[in-house]
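# Inside the fold
One letter stands for each residue in the lines below.
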Amino acid sequence: MLETVLDIGLIITSVLLVILVLLHRGKGGGLSSLFGGGVQSSLSGSSVVERNLDRLTIFVGLVWFIFIIGIGVDIKLSA
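Just so it is clear, the structure is predicted and the values come from calculations on it, not from any experiment.

## With respect to the overall build of the chain
- For the chain, the helix and strand inventory stands at three helices and zero strands.
- Secondary structure of the chain in N-to-C order comes out as α-α-α.
- Within the span of the chain, comprising 79 residues, buried residues form 20% of the whole.

## What about the side chain of Asp74?
- Note that Asp74 resides in helix H3 (residues 47–78).
- Lys76 provides the closest opposite charge to the buried, unpaired Asp74, separated from it by 13 Å.

## Some words on the packing of helix H1 (residues 2–23) against H3
- Where H1 meets H3, the axes come as close as 9 Å, and the angle between the chain directions of the two elements is 150 degrees. With respect to H3, the element H1 is oriented roughly antiparallel. Crossing angle aside, the handedness with which H1 passes H3 is left-handed.
- Per-class residue counts for the contact of H1 with H3 are 17 nonpolar, six polar and three charged.

## A closer look at a nonpolar patch on the surface
- Where nonpolar side chains cluster on the molecular surface, the patch consists of Trp64, Phe65, Ile68, Ile69, Val73 and Leu77 and spans about 570 Å² of accessible area.
- For Leu77, the position within the fold is in helix H3.

## Thoughts on the UniProt feature "transmembrane region" (unreviewed entry) in the chain
- Mapped onto this numbering, the UniProt entry gives "transmembrane region" (unreviewed entry) at residues 6–23 and 56–73.
- A distance of 26 Å separates the end C-alpha atoms of residues 6–23, which is 100% helix and 0% strand.
- Helix makes up 100% of residues 56–73 and strand 0%, with an end-to-end C-alpha separation of 26 Å.

## What to know about H3
- With 32 residues, H3 extends 46 Å from end C-alpha to end C-alpha; this agrees with the ideal 46 Å at 1.5 Å per step.
- Within H3, burial applies to Glu50, Leu53, Thr57, Val60, Gly61, Phe67, Ile71 and Asp74.

## So, the confidence of the model for the chain
- Looking at the chain as a whole, the pLDDT averages 83, with 73% of positions reaching at least 70.
- Helix H2 (residues 32–36) is the least confidently modelled element of the chain, averaging 59 in pLDDT, while H1 averages 95, the highest of any element.

Rules used in this analysis
- Residues numbered from 1 in each chain as written.
- Predicted model: local features only at pLDDT ≥ 70, side-chain atom pairs only at ≥ 80, totals over all residues.
- Heavy atoms only, no water.
- Helix = DSSP H or I, 4+ residues; strand = E, 2+ residues; numbered from the N terminus.
- Buried < 20%, exposed > 50% of the residue type's maximum accessible area, 1.4 Å probe, protein only.
- Lys, Arg positive; Asp, Glu negative; His and termini not counted.
- Salt bridge = Lys/Arg side-chain N within 4 Å of Asp/Glu carboxyl O.
- Axes fitted to C-alpha atoms, helices over the stretch in contact; angles between N-to-C directions.
- Parallel < 35°, antiparallel > 145°, perpendicular 65-115°, else oblique.
- Left-handed = near helix turned anticlockwise from the far one by under 90°.
- Nonpolar A, V, L, I, M, F, W, Y, C, P; charged D, E, K, R; others polar.
- Patch = residues over 30% accessible without salt bridge, like charges linked within 9 Å, V, L, I, M, F, W, Y side chains within 5 Å.
- Areas by Shrake-Rupley, 256 points an atom, 1.4 Å probe, with all protein chains shown as cover.
- UniProt positions renumbered as here; feature names shortened; annotations may be inferred.
- Expected span 1.5 Å × (residues − 1).
- pLDDT = per-residue confidence, 0-100.

The following block contains the structure:
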(Lines give C-alpha, C1' and ligand atoms only; values in the text may rest on other atoms or scores of the structure.)
Protein backbone atom coordinates (compact mmCIF):
# COMPACT_ATOMS: atom_id res chain seq x y z
CA MET A 1 0.00 0.00 0.00
CA LEU A 2 2.76 2.45 0.96
CA GLU A 3 4.73 1.60 -2.16
CA THR A 4 1.73 2.39 -4.36
CA VAL A 5 1.13 5.74 -2.65
CA LEU A 6 4.79 6.69 -3.01
CA ASP A 7 4.85 5.68 -6.69
CA ILE A 8 1.69 7.63 -7.52
CA GLY A 9 2.98 10.66 -5.59
CA LEU A 10 6.29 10.48 -7.45
CA ILE A 11 4.55 10.37 -10.83
CA ILE A 12 2.27 13.31 -9.98
CA THR A 13 5.09 15.47 -8.62
CA SER A 14 7.32 14.59 -11.59
CA VAL A 15 4.70 15.76 -14.08
CA LEU A 16 4.03 18.89 -12.01
CA LEU A 17 7.73 19.67 -11.84
CA VAL A 18 8.12 19.41 -15.61
CA ILE A 19 5.13 21.69 -16.18
CA LEU A 20 6.35 24.25 -13.64
CA VAL A 21 9.85 24.36 -15.10
CA LEU A 22 8.44 24.87 -18.59
CA LEU A 23 6.28 27.75 -17.32
CA HIS A 24 9.31 29.76 -16.24
CA ARG A 25 10.24 32.68 -18.41
CA GLY A 26 13.32 31.83 -20.43
CA LYS A 27 16.32 34.10 -20.38
CA GLY A 28 17.83 32.73 -23.57
CA GLY A 29 14.77 31.94 -25.66
CA GLY A 30 14.58 28.22 -24.89
CA LEU A 31 11.47 26.08 -24.74
CA SER A 32 9.38 28.76 -23.07
CA SER A 33 9.65 30.98 -26.15
CA LEU A 34 8.03 28.23 -28.24
CA PHE A 35 4.76 28.56 -26.32
CA GLY A 36 4.58 32.34 -26.44
CA GLY A 37 5.90 32.76 -29.97
CA GLY A 38 8.12 35.58 -28.78
CA VAL A 39 5.19 37.64 -27.48
CA GLN A 40 5.25 38.22 -23.75
CA SER A 41 2.02 38.11 -21.83
CA SER A 42 1.16 40.62 -19.14
CA LEU A 43 1.57 37.98 -16.41
CA SER A 44 5.09 36.91 -17.37
CA GLY A 45 6.45 40.39 -16.78
CA SER A 46 5.25 40.50 -13.20
CA SER A 47 7.91 39.84 -10.61
CA VAL A 48 5.30 38.66 -8.09
CA VAL A 49 4.11 35.92 -10.43
CA GLU A 50 7.69 34.83 -11.15
CA ARG A 51 8.49 34.77 -7.44
CA ASN A 52 5.41 32.68 -6.64
CA LEU A 53 6.23 30.33 -9.52
CA ASP A 54 9.77 29.97 -8.13
CA ARG A 55 8.43 29.16 -4.67
CA LEU A 56 5.93 26.64 -6.01
CA THR A 57 8.62 24.97 -8.12
CA ILE A 58 10.95 24.69 -5.13
CA PHE A 59 8.14 23.29 -2.95
CA VAL A 60 7.16 20.66 -5.54
CA GLY A 61 10.85 19.80 -5.98
CA LEU A 62 11.22 19.22 -2.25
CA VAL A 63 8.10 17.04 -2.16
CA TRP A 64 9.50 15.10 -5.14
CA PHE A 65 12.78 14.61 -3.26
CA ILE A 66 10.90 13.36 -0.18
CA PHE A 67 9.06 10.81 -2.35
CA ILE A 68 12.40 9.64 -3.79
CA ILE A 69 13.85 9.21 -0.28
CA GLY A 70 10.68 7.41 0.84
CA ILE A 71 10.86 4.96 -2.05
CA GLY A 72 14.53 4.31 -1.27
CA VAL A 73 13.80 3.65 2.39
CA ASP A 74 10.87 1.40 1.46
CA ILE A 75 13.08 -0.64 -0.88
CA LYS A 76 15.82 -0.87 1.77
CA LEU A 77 13.40 -2.04 4.48
CA SER A 78 11.62 -4.60 2.30
CA ALA A 79 14.88 -6.20 1.11
